[in-house]
Every structure is written in structure tokens, then in C-alpha cells.
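# Observations on the three-dimensional arrangement
Next come the chains, spelled out residue by residue.
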Amino acid sequence: MKYALVLWPLSNQRYVESHIQPAVSELEIILKAAGVHASVEHVLIAGAGALTFTSEELSVRQLDYIGKHSLCFLFGAWDGASLTPIALPGKDFVGSDLAAILKYKGKTNERFTKQLINLALYSCRFNEADEKIHLLDPMCGRGTTLFQAVNREWNATGIDADKKDILEGVSFFEKYLKFNKIKHKRSQSSRTIQGKAPVNVHSIRFGGEKGDQLSLNCAIADSVSTAKIFGKEVFSIICADLPYGVQHAPNGQGGAKSFENMLVSCLPAWREALKKGGAIALSYNTHTLKTERVREIMEKAGFEVMRGGAYDKMEHWVEQAVMRDIAVCVKN
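The following refers to the structure shown. (Residues numbered from 1 in each chain as written. Predicted model: local features only at pLDDT ≥ 70, side-chain atom pairs only at ≥ 80, totals over all residues. Heavy atoms only, no water.)

Moving on, we get to the packing of helix 2 (residues 20-33) against helix 3 (residues 60-67). Running from N to C, helix 2 and helix 3 cross one another at 155°; their axes reach a closest spacing of 9 Å. For the element pair helix 2 / helix 3, the angle class is roughly antiparallel. The hand of the helix 2/helix 3 crossing is right-handed. Residues Leu27, Ile30, Leu31 and Ala33 of helix 2 touch helix 3, and the partners they reach there are Arg61, Tyr65 and Ile66. Looking at the contact of helix 2 with helix 3 residue by residue, the classes come out as 6 nonpolar, no polar and 1 charged. (Axes fitted to C-alpha atoms, helices over the stretch in contact; angles between N-to-C directions. Helix = DSSP H or I, 4+ residues; strand = E, 2+ residues; numbered from the N terminus. Parallel < 35°, antiparallel > 145°, perpendicular 65-115°, else oblique. Left-handed = near helix turned anticlockwise from the far one by under 90°. Contact = heavy atoms within 4.5 Å. Nonpolar A, V, L, I, M, F, W, Y, C, P; charged D, E, K, R; others polar.)

Here the focus is the packing of aromatic side chains. With the rule as written, the count across this model stands at 10 aromatic pairs. Seen from their ring centres, Phe172 and Tyr176 are 6.1 Å apart, and the 50° between their planes marks the pair as tilted. Note that Phe172 and Tyr176 are positioned in helix 7 (residues 163-179) at a spacing of 4 residues, about one turn of the helix. Taken together, the ring pairs connect Phe147, Phe172, Phe173, Tyr176 and Phe206 into an aromatic cluster. If you follow Arg271 out to its NZ or CZ, it ends over the ring of Phe303, 5.7 Å from the centre. Here the basic side chain of Lys275 rests over the ring of Phe126, its NZ or CZ set 5.8 Å away from the ring centre. (Phe/Tyr/Trp six-rings, centres within 6.5 Å; stacked < 30°, edge-to-face > 60°. Lys NZ or Arg CZ within 6 Å of the ring centre and 35° of its normal.)

Every buried residue of helix 10 (residues 291-300) is accounted for by Thr291, Val294, Arg295, Ile297 and Met298. Down the axis of helix 10, the buried set is contained in an arc of 160°. They therefore lie on one face. Note on helix 10: the residue one or two positions beyond its end, Gly302, has a positive phi of about 100°. (Buried < 20%, exposed > 50% of the residue type's maximum accessible area, 1.4 Å probe, protein only. Arc of directions from axis to C-beta.)

Let us look at the nonpolar core. General note: in soluble globular proteins, nonpolar side chains tend to be found buried as a group. In terms of nonpolar packing, the biggest core is built from 69 residues, with Phe53, Phe75, Val94, Phe173, Phe206 and Ile237 touching the most fellow members. With residues up to four places along the chain from it excluded, the contact list for Ile237 reads Ile117, Ala120, Leu121, Cys124, Ile133, His134, Leu135, Leu136, Trp154, Leu274 and Ala279. Counting 35 residues, the second largest nonpolar core, distinct from the first, contains Val199, Ile238, Ala273 and Phe303. (Core = buried A, V, L, I, M, F, W, Y, C linked by side-chain atoms within 4.5 Å.)

If you want it as C-alpha cells, here you go:
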């Protein structure tokens, strides 16, 4: 049977064109994780971009995987002339608009954060696990990636040195839950790190009854302290959209070297906090960080880097000064 995934319409035509190959690669990685062996082709259906592939009839589990594609607008059986829609299982746990509402300068597009999550999830051993996924964004800003995670009914944790961003993100989420009449409780705690000032952690527990609730946690700290704040082997996947270096750089220093130093210092801490079998997906501007250098740093930190095929075809144009790529690695 031939299937077609119609891509989400985007307003910027150049942005649409630059995302075709990453969308193809994402679907190939998802299909492989779902046990579907098929090649993916980009076509136009009545002028709309779509990804097609041929396979045996898909199971409910496989449809659920495919429905998580970051640009999935419509899915169905395609006979070359007409598309018969197929209902996809699952829905957003909190609200479909959660990750899109909060607007601010420097925000990562919510559909791209979904893609980043998929690349980590479907590259690790937890995509079929019964245990609850726990996602970490070690440079979370105001929480777009975290909001995508809780909509998948996962626990989500973020770290950022910017106190204002953390507080605005947590306060927005609290207001969203209140507006939608979702049971929740906000709290604040302090974590002690030897030789450093105490770290403030803002938490919201929500949904269901006590003991069966999810949590969103945000720490105001440098992400090099990840394992010291939250412990070892806590997180299933780690996703981060690294600073692009267009207007700023880590620690107020310019140049590609500062970004390399950031990764060299942070990746061992992230590895310590990641469960065995978990994965990390990092996006970055290739004008300031070269993909092979990122992969080299990952390998030196003890990770297995995902190479070849779809993993080598994720680079895409974002704007004049930003050509973005994604590197994925797994902790074995």
C-alpha cells in the first residue's frame, strides 16, 4: 500500500524548500524505528508538498509513530490520483496550542523543536519503553521544547542561566494550566552544589492524581551543573538548540571557539545525567560550529554518533546568517 504524509503549510517559500530534505530524513528515521522498511519520496499533491512511501498495511503503533512527524498535516492512503485520509492515534496531552502561544525574540520554531525531539527519541532505545520518558533541554529558554514534551505526556526538565526566561516560561505554563482548568501545583526548591551558590528550581506538577502526575522543572543555572542538580542517569533524551552566534555567544565571548568550549565542558555533564541507551540531539549554526567538529566532541565525550543516511541530510537554511544542522548521539 502506498501512503502519503502531507506536509504542514509554511508561509516562507524558501523555508519550505529548505525543510524538504530534513523532513524526508526525519520520516526515514521514524519509519526505521517503527519497523517499516521503505524509501521516502517528496512529491506534490494538488500543489501541496507530501512525503510518500510504500509498505504493508500499517499497525496502530506504526501510525502513532508517523503521526508524531514534526510537519505532519494530513496522512492517508495515496493511489496516485486521490488521497484517502487515515485517522492517526494520539493527541496533545495538555493542548495543541501550548508551544505556539508564547512569542519572544530568539524563540526556536515549535515544529523544529518537535523534529529535534523525534531525532533523539527514535534514535534511542526508549521509543518502545513502557517507562515514562523524561526529557531535558539544558538550554531551555522559555520552554518551547519542554512544552512539546509535556504534550507527549512526558516529564520535562529545563536549565537556563537566564532567570527572566525561566520565570516567564514557568509562569506562562502555570497560567495556561489554570485557564484550561487542569489541576496543578507550583513549587520552588533549592539545590546545593558544593562551592557554588544554591540553585533555584521551579516546578509544576499537573494532570491526574498525586503519584500519577507529570512534572515540569526549570533550574536557573549553568547547564554544566546538570548532573549535580538533578542526579545521574535521570533523563531519557536530551535536546538543545544551541546559540547561533549571530548576535551573541556563550559567556559573552565571540567566535566559534567559545561554542566548542561550551560543548567540551557540557557534554560530559549531560552524559552523566543521561540514562544508558538515551540519546542527545543538538542543533547549531554551521557557520559557527562545523558538524564534524560537533560529532568529534560527542565521540570524545564517550557517545556513539549517528552517522550516514538520513543523519547526514539534516542541514537546512534558516536565514541569511544561519545554516542549521543537527547532530545525534547515543549513550551505550
